[in-house]
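# Architecture and fold: a report
In case you want the letters, here they are:
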Amino acid sequence: MSKKKKLSPQDLILYILQKIEPEKSDKIRLNKIAFFVEFGYYHKKQSELSRTKFAGIKLGPVINQYAEILESMEKSGKIKIDGYKVRPLISSSVQLTNEVRNTIDPIIVKYSRLSNSELVALSHLTDSYKITTDNEKDMGNIIDKELASLESFFDDELPSETSKLDDRLLPKINKSDLVKYAT
């Protein structure tokens, strides 16, 4: 995969489905792992892995219009949907570089170990979801991938006292939009 080419939502879905256990590959797990992969990649590389957009809904972050994407993929023979289960019928046609695989494969492994309820709970706790949904008051908005910079749980190691945060990686905010809190 060239540095400029981003994965399509379909290729991201196929890649993830090939990596997770078939008996656990359902719509919830697929959506949550896709979110953690995309936002984890952005957090680590400051660039998008795919063209996939994610929306904040009551069930947490999901691939925007995932039902339509999955239905289209099933009609074209790429996946099989059986109730909530989703199975790949073909492999992703995109060849990922070692650098990309070395970044996203550990994320897939890490989050595949969690139960669906743990994945849902964790996704609800992300700053990017909370900000986008205004603490779950405003659903359906697209989550800005730049907010991935706020997600410190993607860091593999704890920051040392000598490490410095690169402020350029944080999203830009308008200070007049901030709410003052009583102390």
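To keep things clear, this report deals only with the structure shown in the data block.

Definitions and cut-offs
Residues numbered from 1 in each chain as written. Predicted model: local features only at pLDDT ≥ 70, side-chain atom pairs only at ≥ 80, totals over all residues. Heavy atoms only, no water. Helix = DSSP H or I, 4+ residues; strand = E, 2+ residues; numbered from the N terminus. Contact = heavy atoms within 4.5 Å. Buried < 20%, exposed > 50% of the residue type's maximum accessible area, 1.4 Å probe, protein only. Arc of directions from axis to C-beta. Salt bridge = Lys/Arg side-chain N within 4 Å of Asp/Glu carboxyl O.

Moving on to the side chain of His 43. By the secondary structure assignment, His 43 is in helix 2 (residues 27-45). Discounting residues that sit within four places of it in the chain, His 43 has contacts with Ala 148, Ser 149, Glu 151, Phe 154 and Asp 155.

Every buried residue of helix 3 (residues 66-75) is listed here: Ile 69, Leu 70 and Met 73. Buried residues along helix 3 cover an arc of 95° about the axis, so they all sit on one side. Packed against the buried residues of helix 3 are helix 1 (9-19), helix 2, strand 2 (60-63), strand 3 (79-82) and strand 4 (85-88). In the segment just after helix 3, Gly 77 is the residue with positive phi, at about 80°.

Counted according to the given criterion, the structure contains 7 salt bridges. Note that Asp 105 and Lys 19 form a salt bridge whose closest N and O atoms lie 3.6 Å from each other. Taken as a pair, Asp 105 in helix 4 (residues 98-112) and Lys 19 in helix 1 lie far apart in primary sequence, 86 residues in all. For Lys 19, a relative accessible area of 42% puts it in the partly exposed group.

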